[in-house]
Amino acid sequence: MEFVNLNSGYKMPLEGFGVFQIPDLAQCEEVTYNAIKIGYRLIDTAAAYMNEEAVGRAVARAISEGLTTRAELFITTKVWVQDMKTESAAYNAIKTSLKKLNLDYADLILLHQPVSDYFAAYRGIEKACADGLTKSIGVANFYPAILANLCETVDKIPAVNQVELHPFFAQADALKNMQDYGVVPQAWGPLAEGKHGIFTDAELVSIGKNYNKTAAQIALRWNVQRGVSIIPKSVHVERMQQNFDIWDFSLTDEEMKIIAAKDLGHSEIVDHSSPAFVKMLLGWKVHD
């Protein structure tokens, strides 16, 4: 595994395991445990995924069996929009998440979306960091202008910005903006959620033959070579192992350019500029 240095002074694995869209708690616990057993040390969850308890049980099980230690793990969770109205609401949401995870601290707390009063919520996660509830703080889905506004305003620059990043939505300008502020990019959906025929793309398959790798492994390697942390998700052990097996080769500059040329310049998964989408986020409740 390779690591990236965060502006908080901590190191984060460049590859982790995401548990988005694994709502079945028994399944989530099992696949998270298997991910740790395979070698993943970064586990990414969120209040909105409704599976923090399952992640906590998997972590406790892996530690009790001696597969890892808490110090070796990097656990991320996120404050949902519903709890981003005030500083205290965000702070209390973090305490709730830690209780569900059965952890004394998180390694990274993110604001999940750039809506509601994210400045007040950011002060809440800053306080949580100062109080030792998390080692690092950051944001998710903060596109360039929003991220710039935040960074120019807050006291503590976010360590991470988790956004959609894959060959069909490369976001080169967004990466440059993050680099300018010292924010590490992290890719959700690094395999484009299976869209665009990514697993059978002719050029990705062809490049993969040079290294005896799959198209998916090539797409993941492309991102990490750009300095992007990735959190691919799968519930299948074989795929989880394949996604993790990307550290024994490097793509050439020409191959990197071929993959980057696939960029469509926009997302076909979600439109954060849509008023209807924003209203949906604001109405999405994860607790009473």
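Residues numbered from 1 in each chain as written. Predicted model: local features only at pLDDT ≥ 70, side-chain atom pairs only at ≥ 80, totals over all residues. Heavy atoms only, no water.

### Some remarks on the packing of aromatic side chains
The final tally for this structure, using the stated rule, is seven aromatic pairs. Ring geometry for Tyr-118 and Phe-142: centres 5.2 Å apart, planes at 75°, overall edge-to-face. One end of the pair, Tyr-118, is in helix α4 (residues 118-130); the other, Phe-142, is in the loop between β7 (134-140) and α5 (144-151), with 24 residues separating them in the sequence. Considered together, Tyr-118 and Phe-142 belong to a single accessibility category, that of buried residues. (Phe/Tyr/Trp six-rings, centres within 6.5 Å; stacked < 30°, edge-to-face > 60°. Helix = DSSP H or I, 4+ residues; strand = E, 2+ residues; numbered from the N terminus. Buried < 20%, exposed > 50% of the residue type's maximum accessible area, 1.4 Å probe, protein only.)

### Remarks on the pairing of strand β5 (residues 74-79)
Burial within β5 is extensive, with six of its six residues counted as buried. Neither face of β5 is left uncovered, since the one carrying Phe-74, Thr-76 and Lys-78 and the one carrying Ile-75, Thr-77 and Val-79 both have all their residues buried. Across three bridges, strand β4 (residues 42-44) lies against β5 in parallel orientation. Among the inter-strand pairings, Asp-44 is bridged to a residue of β5, identified as Thr-76. The handedness of the β4 to β5 crossover, carried by helix α2 (residues 52-64), is right-handed. For the segment spanning β5, helix α3 (residues 87-101) and strand β6 (residues 106-111), crossover handedness is right-handed. (Pairing = 2+ DSSP bridges. Right-handed = clockwise from strand over helix to strand, strands pointing away.)

### Things to note about the sheet that holds strand β8 (residues 160-164)
The strand order across the open sheet built from eight strands is β3-β4-β5-β6-β7-β8-β9-β10, with neighbouring strands paired in parallel fashion. The strands lining the two open edges of the sheet, one partner per strand, are β3 (17-18) and β10 (229-230). Of the pairings in the sheet, the one linking β8 to strand β9 (residues 184-188) comprises five bridges and is parallel in character. Along β9, the bridge assignment pairs Val-163 with Ala-187. Of the strands in this sheet, β5, β6 and β7 are in contact with α4, which crosses β7 at around 160°. (Contact = heavy atoms within 4.5 Å. Axes fitted to C-alpha atoms, helices over the stretch in contact; angles between N-to-C directions.)

### Quick notes on the pattern of salt bridges
Considering all chains together, one arrives at 12 salt bridges under this definition. The shortest N-O distance in the salt bridge between Glu-203 and Lys-262 comes to 2.5 Å. With Glu-203 in helix α7 (residues 202-209) and Lys-262 in the loop between α10 (253-260) and α11 (275-283), this pair connects stretches of sequence that are 59 residues apart. Note on Glu-203: relative accessible area 41%, which makes it partly exposed. When its relative accessible area of 12% is taken as the criterion, Lys-262 is described as buried. (Salt bridge = Lys/Arg side-chain N within 4 Å of Asp/Glu carboxyl O.)

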